[in-house]
Amino acid sequence: MLHDSSVSNDQRKFVHSCPACKNRYRVTIQVKVRRIHKAACPHCGNINYFDNRTGALDRDPVSTTEVPVPHSSPRSGFSTLDFDNDEKAAKKRVKTARWTFPGFWLKGPGSSKKGSRSTFGNVADRISNISPRGFMMIGLALGAIPVILFLLLMLMPAVFLPEGGDTFLSGLDSVTANRILDRNGKLIAELFSHKTGNLKANEIPEDLKSMLIFTEDQAFYKHGGVHWSSVVRAAVYNVISFGYSQGGSTISQQLGRILLRARQKTLFRKLRETSLAFYLESHLSKEAILTAYMNHVYLGHGAVGVENAARFYFLKGPGELNFAQMLAIVCLPSAPEQFSPIRYPDRLEKKMDVVFGRMKRENFPLVANITEEMYTTQKNAMLSNPSRSPGETVFGNREDTAPYIAEHVRLQIRELLGAQSEFGAGLTVETTIDAGLQLAATSVTAEFLMGAQRNFPPIRKGGPALSQNDTLKRALTDEYMRLGLGAVLFGMPSSELSDRTSDTVLQAAAIGVDPRSGAVLFMQGGRSFRRDNQINRALKMRRQTGSAIKPIIYSAGIESGEITAATRLDDSPVFVFQGGEGKKEFWLPENITGEYQGKIAAREALAQSRNVPAILVGRAVGLPRLSEQFKKFFFQDSDVYGQRFRMDETVAIGSLEMSPLEMAVAFGAFADNGNVRRPYMILKIKDAQGKVLFDGANRDEFGTRLEVSSRAIPGDVAEVMSSMLRDSARFANTGVYPGVLMGKTGTTNDYRDAWFVGAIPGLSAAVWVGYDNQSYSMSGGMGARLAGPLFGRIAQRSGFAPNGGYVFAPAAERVRICKETGKIAGPNCPAMTEFFAAIRKPEEACDLHGANGRQDRKEDLSRQTDFQ
């Protein structure tokens, strides 16, 4: 404090630096008045005190450029500088100040030190500076506190718990994860924001209980909720340190704090916590309180309860822990993140050593047979070989082999039972999922797309394909966004701040249903389920299907009798009407090879995915009749039909947009006697006691607006299509189920979408590969190069086997025909057996090949087997 001599000898100005805000300001003091002066900082309002009881401020300016300041309090109600020449009044004010501020209980100015200010200095300095009178006042105040609080808490609990103690008892219920099971009862996913332990009292090891009580609350079985000596000890320490640094909470009070869900260190929270502790003690047994605490105490890394902590840190149940592991667990409640065994093992080791030493000194029974060597060996083995990495949490280690299934189930629980049941409600959700198929779909999809990304680099519409270097840069950028490295290292954007999905990350969707029931067997909604990209493409995405839709077109032709599998179609250039009603736009479609084959049987045209023959079948059937086929397979609801179907010839080659789920369901009709089954996944939802809260029977879970079961095509038409699609599957490059698999690939314009739709007995599946942003396409990425092989790998990895065989009724008729004419074969014809529906079968014999094996040269103009 600097002296300013510009005023009279009675008054002097000093330049003082405020210890609170560090700003300097000028203060005028009557130096002849021997007392403690005070002044408020004009910058922050902090009250500063200046000790002039010995006349230190009235000395020679040269020798008093810096004057000791005994105490500066935080902001109080005073804000003006007080001058008083009345000696008695001055003494009275000093006395009042001694009662008001703890710093005034300090000894004389000669003992005032830098360490004695309100927020600095060690405890020894503070105690040494307290005067005898100060000790007396502290003792009286502290002695009155327990009495007053006891009366308040016991006589007026409603003051601190107006909601009533019963409100909090429900919080003692265990918070158990919602468990999602596959069709065989295997756990495939869990849903919880946090989960507590659910151990019963007799399931917690007695040694672990004893060690926890020794560490946290040795008087647990003696007090009634509050250990008053601990409260007094904590109060003395808090007063001496001029802050709130100790709480002296019992296990009952800690449980009360957990139930209150409040950790702020305030007096009001402490009073509520203590009131609730009294309530718990009067309504629960000691054993129940201890069990509840051990199930609900937070122990770090998201683990709540000793059971979850034991399994997370040591991969063991509580009953399997050794002495050092149990000691580590009981050392965590006070500061679980600071003493984490996997993040700060050195800190934990020091605390364990302290507690173990105290156990030895106090002859704790459990350490009687534990030598220093045994303890050290167990401790070192535990800390030197952690089972987790420092960044892991229980959330990252929960069972979740089916993240897209889990998210779908979560949303269904919210819709059916309310948001409060989404997480940790102890529900059991029984589903139709096949765990083998699902696990394969989850793992294979990510693996497959990593290689496909390199082999089929993205092309932007109107631009060149990205080079391998560009693709690598994009991949590194995506990984940077996923991990949030910029935010961690440079304060730059991370995926936490953006919901966008990368345009150049190759995505996929795959879903399979049981065609005989509609039960969903697996569902993979994308490359991987991430914070920044959780779109379930299997359900929510609709894309053009390309040639994958052609089986629907051919089924209409066969069902109506316009064609058979043997009908010869003209694969030659043709103009196609597109654009819908009122528009006259035409387009010349091409085959993906750029070539035309001329006359070709319908079976071969479908297998080779020829575009013009499919359009010719659509023309023969007619758009009105074709629209009826789409109604039966996809758009059974009239509103959906009106919104999504177009009277456009291009629908015959896949211009309509469908979801993978819709394609899988529709394709199932060819494997199930022509029936379309409404898909479903959730069988039942049960509460923790096993009571059925929801039964999924007859509910339109996916919002398809389909009937539960409907006949799309007759059995004999389905068998003809099944036969044709088994030939088509040979071109899909799946490598699985030869001779059994039905399948059809599809590729849209500019390689934007690659599809495979296929079925075997017991499974109908659809796979899509492409980019979310349709401005990007795949360089040469066709269905047979991407979607078909992806399905094959999922099937191989899962080991899924066909369940039974195809059953069709009425059955199709098998007829031996001439390959070249499609008519009934003669003895010299190149013959094959073909399937025919009852509505149209060959009636004429082949007249192209003579009895002597010579081919007749007359042109076949039969409209019965030829179609242009």
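On a predicted model such as this, the values are computed, not experimentally measured, just so you know. (Residues numbered from 1 in each chain as written. Predicted model: local features only at pLDDT ≥ 70, side-chain atom pairs only at ≥ 80, totals over all residues. Heavy atoms only, no water.)

**A look at the overall build of the protein chain**
Helix and strand content of the protein chain: 27 helices and 28 strands. Buried positions account for 53% of the 868 residues belonging to the protein chain. As displayed, the protein chain has an accessible area near 39,300 Å², and 52% of this comes from carbon and sulfur atoms. (Helix = DSSP H or I, 4+ residues; strand = E, 2+ residues; numbered from the N terminus. Buried < 20%, exposed > 50% of the residue type's maximum accessible area, 1.4 Å probe, protein only. Areas by Shrake-Rupley, 256 points an atom, 1.4 Å probe, with all protein chains shown as cover.)

**Quick notes on helix 14 (residues 372–384)**
Its 13 residues place the ends of helix 14 18 Å apart at the C-alpha level, agreeing with the 18 Å of an ideal helix rising 1.5 Å per residue. The complete set of buried residues in helix 14 reads Y375, K379, M382 and L383. Relative to the axis of helix 14, the buried residues are bounded by an arc of 85° and lie together on one face. Opposite the packed face of helix 14, turned more than 90 degrees from it, sit the exposed residues E373 and T377. Lining the buried residues of helix 14 we find helix 11 (306–314), helix 12 (323–330) and helix 13 (345–361). (Expected span 1.5 Å × (residues − 1). Arc of directions from axis to C-beta. Contact = heavy atoms within 4.5 Å.)

**Structural notes on the packing of aromatic side chains**
Counted under the stated rule, the structure contains 17 aromatic pairs. Each ring, one from Y313 and one from F314, has its centre 6.2 Å from the other, and the planes form 50°; the classification is tilted. Both residues of the pair, Y313 and F314, count as buried. Measuring from ring centre to ring centre gives 5.9 Å for F323 and F356, while their planes differ by 70°; the resulting arrangement is edge-to-face. Of this pair, F323 sits in helix 12 while F356 sits in helix 13, and the two are 33 residues apart along the sequence. Assessed through its relative accessible area of 8%, F323 is described here as buried. An aromatic cluster is built from F630, F634, F635, Y641 and F645, whose rings are joined through pairwise contacts. R347 extends its terminal NZ or CZ atom over the ring of Y344, reaching a point 3.9 Å from the ring centre. In this structure, K631 is placed above the aromatic ring of Y641, and the distance from its NZ or CZ to the ring centre is 4.5 Å. (Phe/Tyr/Trp six-rings, centres within 6.5 Å; stacked < 30°, edge-to-face > 60°. Lys NZ or Arg CZ within 6 Å of the ring centre and 35° of its normal.)

**Considerations on the sheet that holds strand 24 (residues 763–770)**
Strands sit in the order 11-10-24-23-22 across an open sheet of 5 strands; the sheet is antiparallel. Each edge of the open sheet carries a strand with a single partner, namely strand 11 (520–524) and strand 22 (742–747). With strand direction ignored, the average angle separating the axes of adjacent strands in the sheet is 10°. Pairing of strand 23 (residues 753–760) with strand 24, which is carried by 8 bridges, proceeds in the antiparallel orientation. Within strand 24, the position partnered with D753 by the bridge is G770. Running over the sheet, helix 27 (residues 787–798) touches strand 10 (507–513), strand 23 and strand 24 and is turned about 130° from strand 24. (Pairing = 2+ DSSP bridges. Axes fitted to C-alpha atoms, helices over the stretch in contact; angles between N-to-C directions.)

**Here's the deal with the side chain of S764**
Mapped onto the secondary structure, S764 falls in strand 24. On the basis of relative accessible area, S764 is assigned to the buried category, the value being 0%. There is a polar contact of 2.7 Å between the side chain of S764 and the backbone oxygen of A664. Beyond its immediate stretch of four places on either side in the chain, S764 contacts I511, G512, V513, P515, A664, F667, G668, G758 and A759. (Polar contact = N/O pair within 3.5 Å; in protein donor to acceptor, adjacent residues only side chain to side chain.)

**Observations regarding the nonpolar core**
Within the largest apolar cluster, 88 residues are counted, with the highest numbers of intra-cluster contacts made by Y554, F630, F633 and F634. Core analysis: the next-biggest nonpolar cluster, separate from the first, contains 57 residues, M294, F314, Y375 and V394 among them. (Core = buried A, V, L, I, M, F, W, Y, C linked by side-chain atoms within 4.5 Å.)

**A few points about helix 27**
Between its terminal C-alpha atoms helix 27 stretches 17 Å, which fits the 16 Å expected from 12 residues at 1.5 Å a residue. Most of helix 27 sits out of view: 9 of its 12 residues are buried. Of the positions making up helix 27, those classed as buried are A787, G788, P789, L790, F791, G792, I794, A795 and S798. On its buried face, helix 27 is in contact with helix 16 (435–455), strand 10, strand 23 and strand 24.

**Regarding unusual backbone geometry**
Cis geometry is found at the peptide bond from A809 to P810, where omega equals 0°. Of note, P810 is situated in the loop between helix 27 and strand 26 (813–818). Despite not being glycine, H301 shows a phi value in the positive range, around 55°.

**Things to note about the pairing of strand 13 (residues 568–571)**
The side-chain alternation of strand 13 yields two buried faces, one formed by R568 and D570 and the other by L569 and D571. Where strand 13 lies against strand 16 (residues 598–601), 4 bridges are found, and the strand directions are antiparallel. Each residue of the ladder has a partner; that of D570, found in strand 16, is K599.

**Describing the environment of Q438**
Within the fold, Q438 resides in helix 16. Exposure remark for Q438: the relative accessible area of 2% places this residue in the buried category. Taking the C-alpha atoms as reference points, Q438 and T401, 37 residues apart in sequence, are found 7.7 Å from one another. Contact partners of Q438, with chain neighbours within four places excluded, come to T401, A402, I405, I433, F522, M523 and Q524.

**Side note on the confidence of the model for the protein chain**
The predicted model of the protein chain has a mean per-residue pLDDT of 81, with 74% of residues at 70 or higher. Note that pLDDT drops below 50 for residues 61–121; the model gives that stretch 119 contacts with residues more than four away or on any other chain. Counting interchain partners and residues more than four positions distant, the pLDDT-below-50 stretch residues 241–246 has 18 contacts. (pLDDT = per-residue confidence, 0-100.)

**Thoughts on the packing of helix 16 against helix 27**
It is the contact of helix 16 with helix 27, at a shortest axis distance of 8 Å, that shows an interaxial angle of 135°. Taken together, helix 16 and helix 27 sit at an angle that is classed as oblique. Along this stretch, helix 16 crosses helix 27, giving a crossing that reads as right-handed. Side by side, helix 16 and helix 27 meet where G436, L437, A440, A441, S443, V444, T445, E447 and F448 of the first sit next to P789, L790, R793, I794, R797 and S798 of the second. Its residues assigned to classes, the contact of helix 16 with helix 27 comprises 8 nonpolar, 4 polar and 3 charged. (Parallel < 35°, antiparallel > 145°, perpendicular 65-115°, else oblique. Left-handed = near helix turned anticlockwise from the far one by under 90°. Nonpolar A, V, L, I, M, F, W, Y, C, P; charged D, E, K, R; others polar.)

**Things to note about the environment of I180**
Within the element layout of this structure, I180 appears in strand 6 (residues 178–181). Residue classification places I180 among the buried residues on the basis of a relative accessible area of 0%. Residues I180 and I682 lie 502 residues apart in sequence; the distance between their C-alpha atoms is 9.5 Å. Not counting chain neighbours up to four residues away, the residues in contact with I180 comprise K186, L187, I188, A189, L191, I405, A406, V409, V429 and T431.

**Concerning the pattern of salt bridges**
Under the criterion given, the structure shown has 36 salt bridges. D727 is the partner of R730 in a salt bridge, and the nearest nitrogen-oxygen pair spans 3.9 Å. Assessed through its relative accessible area of 55%, R730 is described here as exposed. We classify D727 as partly exposed; its relative accessible area is 21%. One salt-bridge network, held together by shared partners, links E407, R410, R414 and E422. (Salt bridge = Lys/Arg side-chain N within 4 Å of Asp/Glu carboxyl O.)

**Topic: the sheet that holds strand 6**
What the 5 strands build is an open sheet, ordered 7-6-8-19-20; its pairing is mixed. A strand with exactly one partner marks an edge of an open sheet, and here the two such strands are strand 7 (187–191) and strand 20 (692–695). Here the average twist between neighbouring strands, direction ignored, is 20°. Both strand 6 and strand 8 (residues 428–431) contribute to a ladder of 3 bridges, which runs parallel. Looking across to strand 8, one finds that L181 is bridged to E430. Sheet contacts for helix 15 (residues 403–417): strand 6, strand 7, strand 8, strand 19 (682–686) and strand 20; angle to strand 7, the most-contacted strand, approximately 55°.

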